[in-house]
Amino acid sequence: MLPLSGVRVIAVEQYGAGPFGTQYLSDFGAEVIKIESPDGGDVSRSVGPFFMEGAADDDTAASLFYQGLNRNKRSLTLDLKDDVGQEILRALAATADAVCNNLRGDVPVKLGLTYDALKEVKPSLVCAHLSAYGRDNERAAWPGYDFLMQAETGYFSVTGEPDGPPARMGLSIVDLMAGLSMSFGLVSSVMQARQIGTGRDIDVNLFDTALYNLNYIGHWYLGAGHNQGREPRSAHASLAPCQLYKTGSGWIYIMCNKEKFWGILCDLMDCADLKADTRFLTFKERLTNRDELTSLIDAALAPKTTEQWLEVFQGRVPAAPLFDVAQALENPFVRERERIATATMPDGRTVDMLANPIHLQNEPYPQRAAPALGVDNDDILKELGYDANRIATLRERGVI
């Protein structure tokens, strides 16, 4: 039994944040029914430039972007602007534990996706909303995306080198964090609703998530007025040594984030003089004299390659090689840990994707590839009592 077996979630979702969050739920065994517009569905189905090898032009599940966000789900096409579409939504909501969406803040109320709109069909229903800026403020109708949030909440000002232009993080990190936050709120609220019989709306938005995850550097400003900027070589703002250093073959990242590691590092580099140097005795002194320390550590590391130093440091000093994406995924440790999963499509084709990071003891995750558009229409509608003739009529009208 997977942890969320028996939980049904209706997901009116598209693109990245919402689908990433609900994929955690589908991996954990929840039945996630992905509702999409009949005229093309989730925009991520067409996001390139990379698609499954040999895919036909009309293959609605071939985008690798789409596949990485939607495994283990079902797909129902449904026009929620149509009265009959709303009838089907309400019938489906009556069978579900939660309805979630990642639409613009003013849209859920228009499409009948709120708790007020659906509580009559199921009082214990949880309605989760993931928007750009929230549903209850002057920006509710604003479109918004990850990189905009990074720009406005300070991420650009703390990413990259001090003498370079402002830079975003290389990943859509706000989308990913917000999706996970939504799913955590949804599951928590479903647990409560099952106990008390009453559901609720829950709201998550990209802006608030991005701001919340400033965490300690935000608190440094709020409590001490410190406006953190970018540090050289991706260094930690307050701890040293904790940054990139040069070796004989390239770069290595070293993190002596406990005092004990500084002494061990000096011993392993055969640098007793550094260990005894009064400029570097504590975090405070090392931070004050970080530029000098960087030059000295670079010189000490120069005689060996990064690979050789990693052999020396292994398990004793926190250190890592500097990999690109290809090297990261080809890392033997990744394969040994089975961090690449192979999902299977109904026709037997397979697609490799990143495995869920949460390890369930003695319980393998399902590995079904993301569904083709509307592939579950007939089965889901039959479950709701629609016969073949009525389903055909819905298809002709463009409702599904």
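Along every chain, residues carry numbers that run from 1 in the direction the sequence is written. The predicted origin of the model limits local features to residues at a pLDDT of at least 70 and limits the giving and counting of side-chain atom pairs to 80 or more, whereas totals for whole chains, interfaces and linings rest on all residues. Only hydrogens and water are set aside; all other atoms, that is, all heavy atoms of the structure, feed into the side-chain values.

1. Digging into the overall build of the protein
Here is step 1 of the chain: Broken down by element type, the protein carries 18 helices and 11 strands.
Here is step 2 of the chain: Reported as C-alpha extents along the three principal axes, the dimensions of the protein are approximately 85 × 50 × 40 Å.
Here is step 3 of the chain: Within the protein, the proportion of its 400 residues that are buried is 46%.
Here is step 4 of the chain: Here, two residues are considered to be in contact whenever any of their heavy atoms come within 4.5 Å of each other. In the protein, 66% of the contacts between residues at least 6 apart in sequence involve partners at least 24 apart.
Here is step 5 of the chain: Only the protein chains shown count as cover for residues, and the accessible areas themselves come from Shrake-Rupley with a 1.4 Å probe. Approximately 20400 Å² of the protein is accessible, and the part contributed by carbon and sulfur atoms is 55%. Helix numbering and strand numbering both begin at the N terminus, where a helix is a DSSP run of H or I of at least 4 residues and a strand a DSSP run of E of at least 2. Think of it in three bands: with a 1.4 Å probe and only protein chains considered, a residue is buried below 20% of the maximum accessible area for its type, exposed above 50%, and partly exposed in between.

2. Structural notes on the packing of aromatic side chains
Here is step 1 of the chain: By convention, a stacked pair of Phe, Tyr or Trp rings (six-membered ring in the case of Trp) has centres within 6.5 Å and planes under 30 degrees apart, an edge-to-face pair has planes over 60 apart, and any other such pair is tilted. With the rule as written, the count across this model stands at 7 aromatic pairs.
Here is step 2 of the chain: When the centroid spacing of 5.6 Å and the interplanar angle of 85 degrees are considered together, the rings of Tyr 133 and Trp 142 count as edge-to-face.
Here is step 3 of the chain: On the accessibility criterion, Tyr 133 (9% relative accessible area) is buried.
Here is step 4 of the chain: One aromatic cluster in this structure is built from Tyr 133, Trp 142 and Phe 207.
Here is step 5 of the chain: We count a charge as sitting over a ring when the NZ of a lysine or the CZ of an arginine lies within 6 Å of the ring centre and within 35 degrees of the ring normal. The ring of Phe 283 has Arg 286 sitting right over it, with the charged end atom 4.8 Å from the ring centre.
Here is step 6 of the chain: Over the ring of Trp 309 we find Lys 304; its NZ or CZ atom is 4.8 Å from the centre of that ring.

3. Description of helix α14 (residues 306–313)
For the α-helix, the turn length of 3.6 residues means that residues three or four positions removed from each other point alike.
Here is step 1 of the chain: For α14, the complete set of buried residues consists of Thr 306, Trp 309 and Phe 313. Down the axis of α14, the sector holding all buried residues measures 60 degrees, keeping them to one side. Summarising the geometry of α14, the exposed residues directed more than 90 degrees from the buried face are Glu 307 and Glu 311.
Here is step 2 of the chain: Structurally, α14 contributes buried residues whose contacts are with β8 (251–255), α10 (259–268), α13 (290–301) and β9 (319–321).
Here is step 3 of the chain: A positive backbone phi angle near 75 degrees is found at Gly 315, which sits one or two residues after α14. As used here, the arc is the angular range of directions from the helix axis to the C-beta atoms.

4. Examining the nonpolar core
Here is step 1 of the chain: By convention a nonpolar core is built from buried Ala, Val, Leu, Ile, Met, Phe, Trp, Tyr and Cys residues, the set being connected through side-chain atoms within 4.5 Å. Membership of the largest hydrophobic core comes to 34 residues, with the highest contact counts inside it found for Val 9, Met 149, Val 174 and Leu 186.
Here is step 2 of the chain: Broken down by secondary-structure element, the contributors of at least two residues to this core are β1 (8–12), α1 (17–27), β4 (98–101), β5 (126–131), α7 (173–196), β6 (200–205) and α8 (206–212).
Here is step 3 of the chain: The biggest single contributor to this core is α7, with 8 residues.
Here is step 4 of the chain: If sequence neighbours within four positions are ignored, Leu 186 has contacts with Val 9, Leu 25, Ala 98, Cys 100, Val 126, Ala 128 and Ile 202.
Here is step 5 of the chain: Ranked by size, the runner-up nonpolar core spans 29 residues in total, among them Val 84, Val 99, Leu 103 and Val 399.

5. A closer look at the side chain of Asp 59
Here is step 1 of the chain: For Asp 59, the location among the structural elements is in the loop between β2 (31–36) and α2 (64–67).
Here is step 2 of the chain: Judged by its relative accessible area of 19%, Asp 59 falls in the buried class.
Here is step 3 of the chain: Definition of a polar contact: a pair of N or O atoms within 3.5 Å, with one able to donate and the other able to accept a hydrogen when the atoms are protein atoms, and with sequence-neighbouring residues admitted only if both atoms are side-chain atoms. Reaching out from Asp 59, the side chain makes a polar contact with the backbone nitrogen of Ala 61 at a distance of 3.0 Å.

6. Digging into the sheet that holds β6
Here is step 1 of the chain: The strand order across the open sheet formed by 6 strands is β3-β2-β1-β4-β5-β6, and the pairing between neighbours is parallel. Across the chains shown, the open sheet's two edge strands, defined by having one partner strand only, are β3 (74–77) and β6. Here the strands of the sheet are splayed against their neighbours by 20 degrees on average, with no regard to which way each runs.
Here is step 2 of the chain: In the packing of α1 onto the sheet, the strands contacted are β1, β2, β4 and β5, and the crossing angle to β2 comes to about 155 degrees.
Here is step 3 of the chain: Its contacts with the sheet place helix α3 (residues 83–93) against β1, β2, β3 and β4, and it is angled at close to 170 degrees to β2. Any two strands with at least two DSSP bridges between them are considered paired. Interaxial angles span 0 to 180 degrees and are taken between N-to-C directions of axes, which are lines fitted to C-alpha atoms, for helices over the stretch in contact.

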